[in-house]
Amino acid sequence: MKKLLCLLLLAQLASHAQDATDYKKPPKMLETLLLAPPTPSVSIDDKGKYMLLSERSSNYPGVEELAQPELRIAGLRINPNNFGPSRQVYTTNFKIKNMATGAETPVKGLPANLKASGPTWNPSQTKIAFAHTGNATIDLYEIDVNTAVAKKVNKQPLNLVYGPGYEYFDDNTLMYGTTTAPASAAPPKPLAPKGPVAQQNLGKAAPSRTYQDLIKTPYDEQLFGFYATSQLVFLKNGVETKLGKPDIYAGVTPSPNKQYLLLETIKKPFSYLVPAGGFPSLVAITDLSAKTLKVLADLPSSETSPSGFDNIQNVPRGFNWMANEPASVLWSKPLDSGIYKTKVPYHDAVYSLAAPFSGAPTEVVKTAMRYRGITWGDNGLGLLNEGSQGKQVAKVSLLNPANGSTETLFERSTNDAYNNPGAPVLHDNKYGRNVFKTVDGGKGILMTGDGASAKGDLPFLSVFDVASKKSNILWRCQEPYYESVAKVLDADKKIFITRKESQTEAPNFYLHNLAAGTSLAITKFTDPQPALRNLIKEKIYYKRKDGIDLTATVYLPADFKAGTSKPLPIFMWAYPREFKSAADAAQVRGSQYRFSGVSWGSPVFYAAMGYCVMDATEFPIVGEGEKQPNDNFVEQLEWNAKAALDKIAALGYGDTSRAAVGGHSYGAFMTANLLTHTRLFKAGIARSGAYMRTLTPFGFQNEERTYWQAPEVYYQMSPFSFANNMKDALLLIHGDADNNPGTFPINSERLYNAIKGHGGTVRFVSLPYESHGYSGRENVLHMLHEQYEWLEKYVKNRP
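Residues numbered from 1 in each chain as written. Predicted model: local features only at pLDDT ≥ 70, side-chain atom pairs only at ≥ 80, totals over all residues. Heavy atoms only, no water.

## Regarding the overall build of the protein
Argument step 1. Along the backbone of the protein there are ten helices and 48 strands.
Argument step 2. Oriented by its inertia axes, the alpha-carbon framework of the protein measures out at about 90 × 75 × 60 Å.
Argument step 3. Here the analysis covers contacts within the protein between residues at least 6 apart in sequence; of these, 58% occur between residues at least 24 apart.
Argument step 4. Of the roughly 35300 Å² of accessible surface on the protein, 51% is carried by carbon and sulfur atoms.
Argument step 5. Charge separation in the protein, taken as the distance between the mean sites of 85 positive and 74 negative side-chain charges, equals 2 Å. (Helix = DSSP H or I, 4+ residues; strand = E, 2+ residues; numbered from the N terminus. Contact = heavy atoms within 4.5 Å. Areas by Shrake-Rupley, 256 points an atom, 1.4 Å probe, with all protein chains shown as cover. Lys, Arg positive; Asp, Glu negative; His and termini not counted. Charge placed at Lys NZ, Arg CZ, Asp CG, Glu CD.)

## As for the nonpolar core
Argument step 1. In terms of nonpolar packing, the biggest core is built from 56 residues, with Met614, Phe681 and Leu730 touching the most fellow members.
Argument step 2. When residues of this core are assigned to their parent elements, the largest contribution, eight residues, is made by helix H6 (residues 633–650).
Argument step 3. With sequence-adjacent residues up to four places away left out, Phe681 is seen in contact with Met572, Ala641, Leu645, Ala659, Ala660, Val661, Leu674, Leu675 and Asp728.
Argument step 4. Grouped together as the second largest cluster of nonpolar side chains are 35 residues, Ala660, Val765, Tyr774 and Leu791 included. (Core = buried A, V, L, I, M, F, W, Y, C linked by side-chain atoms within 4.5 Å. Buried < 20%, exposed > 50% of the residue type's maximum accessible area, 1.4 Å probe, protein only.)

## Here's the deal with the sheet that holds strand E38 (residues 518–521)
Argument step 1. Here we have four strands laid out as an open sheet, ordered E35-E36-E37-E38, and antiparallel in their pairing. Every interior strand has two partners, whereas the edge strands, strand E35 (482–490) and E38, have only one. Between one strand axis and the next, the sheet turns by 25° as a mean value, whatever way the strands run. (Pairing = 2+ DSSP bridges. Axes fitted to C-alpha atoms, helices over the stretch in contact; angles between N-to-C directions.)

## As for unusual backbone geometry
Argument step 1. Of note, the bond from Ala355 into Pro356 is cis; its omega dihedral lies within 30 degrees of zero at 10°.
Argument step 2. Structurally, the position occupied by Pro356 is in the loop between strand E22 (348–354) and strand E23 (362–367).
Argument step 3. Following Glu479, the chain continues into Pro480 via a peptide bond in cis, with omega recorded as 5°.
Argument step 4. Inspection of the secondary structure assignment puts Pro480 in the loop between strand E34 (470–476) and E35.

## A look at the side chain of Arg589
Argument step 1. Turning to its location among the elements, Arg589 is positioned in the loop between helix H5 (582–585) and strand E43 (612–617).
Argument step 2. For the buried residue Arg589, which engages in no salt bridge, the nearest side chain bearing the opposite charge is Glu618, 4.7 Å off.
Argument step 3. Other than its neighbours up to four places away in sequence, Arg589 contacts Asn415, Lys539, Arg577, Phe579, Asp584 and Glu618. (Salt bridge = Lys/Arg side-chain N within 4 Å of Asp/Glu carboxyl O.)

## With respect to the packing of aromatic side chains
Argument step 1. With the rule as written, the count across this model stands at 32 aromatic pairs.
Argument step 2. Seen from their ring centres, Trp475 and Phe496 are 5.6 Å apart, and the 65° between their planes marks the pair as edge-to-face. Residue Trp475 is found in strand E34, and its partner Phe496 is found in strand E36 (residues 495–501); the two are separated by 21 residues along the sequence. (Phe/Tyr/Trp six-rings, centres within 6.5 Å; stacked < 30°, edge-to-face > 60°.)

## Brief notes about the pairing of strand E37 (residues 508–513)
Argument step 1. Here E36 runs beside E37; their pairing, made up of six bridges, is antiparallel. Bridged to Ile495 within E37 is Asn513.
Argument step 2. Hairpin connection, E36 to E37: the antiparallel pair is bridged by six residues.
Argument step 3. If you look at the hairpin formed by E37 and E38, you'll find four residues sitting between the two strands, and Gly517 has a positive phi there, around 70°.

## Points about helix H4 (residues 218–228)
Argument step 1. With respect to burial, H4 is a largely interior element, eight of its eleven residues being buried.
Argument step 2. Of the positions making up H4, those classed as buried are Tyr219, Asp220, Leu223, Phe224, Gly225, Phe226, Tyr227 and Ala228.
Argument step 3. Against the buried residues of H4 lie strand E3 (71–73), strand E4 (76–79), strand E14 (230–236), strand E15 (239–247) and strand E17 (261–266).

## With respect to the sheet that holds strand E39 (residues 536–543)
Argument step 1. A sheet is described by the order of its strands in space; here eight strands give the open sequence E39-E40-E43-E41-E45-E46-E47-E48, paired in mixed fashion. Strands at the two margins of the open sheet, each flanked by one partner only, are E39 and strand E48 (762–767). Pairs of neighbouring strands in the sheet enclose a mean axial angle of 20°, with direction left out of account.
Argument step 2. Two strands pair when backbone bridges link them, and strand E47 (residues 729–735) and E48 are joined in this way by six bridges, in the parallel orientation. Directly across from Ile733, in E48, lies its bridge partner Val765.
Argument step 3. Sheet contacts for H6: E39, strand E40 (549–556), strand E41 (568–574), E43 and strand E45 (654–664); angle to E39, the most-contacted strand, approximately 125°.

## Examining the pattern of salt bridges
Argument step 1. This structure, assessed with the given rule, holds 27 salt bridges.
Argument step 2. As a salt-bridge pair, Lys469 and Glu407 come within 2.7 Å of each other at their nearest N and O atoms. Taken together, the residues span a long stretch of sequence, with Lys469 in the loop between strand E33 (460–465) and E34 and Glu407 in strand E27 (residues 405–413) at a distance of 62 residues.
Argument step 3. Judged by relative accessible area, which is 28%, Lys469 ranks as partly exposed.
Argument step 4. One salt bridge connects Asp492 with Lys437, and the closest N-O pair in it is separated by 4.0 Å. With Asp492 in the loop between E35 and E36 and Lys437 in the loop between strand E30 (434–436) and strand E31 (438–439), this pair connects stretches of sequence that are 55 residues apart.
Argument step 5. Through salt bridges with shared partners, a single network forms among Arg317, Asp336, Asp348 and Arg370.

## Description of helix H9 (residues 746–757)
Argument step 1. Taking 1.5 Å of rise per residue, the twelve residues of H9 would be expected to cover 16 Å, and the 16 Å separating its terminal C-alpha atoms lies within 8% of that figure.
Argument step 2. Residues of H9 that are buried include every one of Asn747, Ser748, Leu751, Tyr752, Ala754 and Ile755, and no others. Projected down its long axis, H9 shows its buried positions confined to an angular sector of 165°, all on one face.
Argument step 3. Two residues or fewer after H9 comes Gly759, characterised by a positive phi angle close to 80°. (Expected span 1.5 Å × (residues − 1). Arc of directions from axis to C-beta.)

## Examining the pairing of strand E32 (residues 444–449)
Argument step 1. With five of six residues buried, E32 is to be regarded as a mostly interior element.
Argument step 2. Two strands pair when backbone bridges link them, and strand E28 (residues 423–424) and E32 are joined in this way by two bridges, in the antiparallel orientation. Of the residues in E32, the one forming a bridge with Pro424 is Met447.
Argument step 3. Of the strand pairs in this sheet, E31 and E32 are connected by two bridges, and their pairing is antiparallel. Each bridged residue has a counterpart across the sheet, and for Thr438 the counterpart in E32 is Ile445.
Argument step 4. In textbook terms, the turn of a hairpin is the stretch between consecutive antiparallel strands, and for E31 and E32 this stretch comprises four residues, one of which, Asp440, has a positive phi near 55°.
Argument step 5. The sheet contact formed by E32 and E33 spans six bridges and is antiparallel. Opposite Met447, over in E33, you have Ser462 as the bridge partner.

## Remarks on the packing of H6 against helix H7 (residues 666–677)
Argument step 1. Running from N to C, H6 and H7 point in directions that differ by 90°, and their axes come no closer than 10 Å. Between H6 and H7, the angle is such that the two are roughly perpendicular. Side by side, H6 and H7 meet where Phe633, Val634, Leu637, Glu638 and Ala641 of the first sit next to Tyr666, Phe669, Met670, Asn673, Leu674 and His677 of the second.
Argument step 2. For the contact of H6 with H7, the residue count by class is eight nonpolar, two polar and one charged. (Parallel < 35°, antiparallel > 145°, perpendicular 65-115°, else oblique. Nonpolar A, V, L, I, M, F, W, Y, C, P; charged D, E, K, R; others polar.)

Below you can see the structure in the form of structure tokens.
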């Protein structure tokens, strides 16, 4: 009898449904690494004369700050006290660095307890505007770059909830949106609703993704209308001048010649199915008093957007000003009624309309694939971008807008990194708009790129020759460094700034002069996490069973000796990616020469605690031809995991009998699938994942088929369907305020209950106030503690 009671007591202790727990901390080394002071962020003027250094005291505010009042409506997260977004990481100090002398001058006149965001240079780059978030208001400050003195410039508090934000209209004029009433005037919440909430659909297809934080009640509608409404103003010489009447502005863009405004305003009815960006809206051209001159489009809610890649609403889209014209607006419209499978020679047409906007629109060009925008050049020509998401194809052509003629420059798979010629270098034209830079008398286009190769990423600066369609490399990063172009100061003289780092050298900025052959360090940032420099880092290469080449970045403790030390417990971290080409999937990504740093989500912490960490472990999911990648998703997961484990064992680095796997979001989905379908791992850590694909029935990730088109795929890919098979230990972590489409916290709740109901080993940790990414200091430290204890118990020291 006594034995039976003991067994019952042990069983009861082993099956606790929940543990009341206070916040805990991980080992001191992990805490020190996490809370290391961050390196300042950098913004450099176009002349290379001054650098703005933005310092942050921490990347992790206290949970108490996350717990402040917050409205979650229309896909937004709003601080109801100050008309701003909630959950921001702020700059806490500014410095101006003279790049010629190296002198750093602290900015004076900053408000106490600075919470700054969005620093913006004026056109001549003599001033910098930024927003300071206070408890009750958001104010606009301006820094005089020459004197390094800041002062408050706005009269009315800013409204940064939605829409116009703030920008320089010209050198001495700021344009922004202000509040129209104090927060205390917000609509009071009724004690009882006036009636039920009803939604209906009358025979029109309206598939929608699973968005979070949507409007749910008439009271939510009132709150959105109150907080999103702003008054546009011009600020010049200390005087605020109102533009038009208060409205809900989705976008405000001045014409290049500063004589007109392109406005998009939100209108009712507000949707209960899509975020504010999908609400009905009106697109119009106005004068500078906001008087309407031309209505361009009356757009419906995006609720009726068809599902499937490359399918769009049959309405105009992408309204913007042509950067190389004084006042010509550009937009596109589908020629296939928005359904891409429709057999037509061209899928989109692009139109323009020039001031005074009284004539008929002019057709600029038609595209054989979906139109994705035009980057205008300093030669009057444009780079026309089009592509197909379903086919993973992108095409760039040189466009002459005068006659609509195009010349293909390159067409490639969007996953083919090796043959990516890069992106054009942009500079300001006479209107202050970004245009691409031509060189060699207009024959070449200056480009920068990642420089993906079999050796890893080796970034470059090049000239793309329009005639030969080939790139002439002017400069390329040299091993054993990772160095990328941060800013081109003088394209003709080949003077530019790079950000350079290695495995042992912290990232810093360098001034290059190719003609002179010089390279000068212009910052001296130190290593914020020196303990990581003791780790051994290596990129490993291997194949999976179908021959696809794979890589992973391995981190080992400093005292590990290959061939002598015993194999270590393994912690593998990954995120699956879909490919339509095996050759693309096999390409090497990233660089082994990057300077290692850890933030809250990194697995590298645990290499310092005696683990063999496999980070960025490649997990391609391939479906070539008529096959879709997800048709055998689980099988390919196993191939990827098995290949990685076999390689790490062959090297003698890791002990595959003591292996864990982990991931965040889609990586968590991968982790749960591996533990339900294989016995390759003794434990898993799954953070903020989706585990029931039926909760995302109109597609997810890169799956465009709906649940009703491919029910077996949705069922087979859902770990929840096979929770009874899970035999190894799974740690589930989720933010209780997850705002990512599809990863509702209920996913983790239901998977936990399913595994628990079948006697599995599982723990579910819900982090209060956390979004899809975690930021609260106490929450992140506790997460590191939970992960460490799980790995120690079920992997390193498993029975």
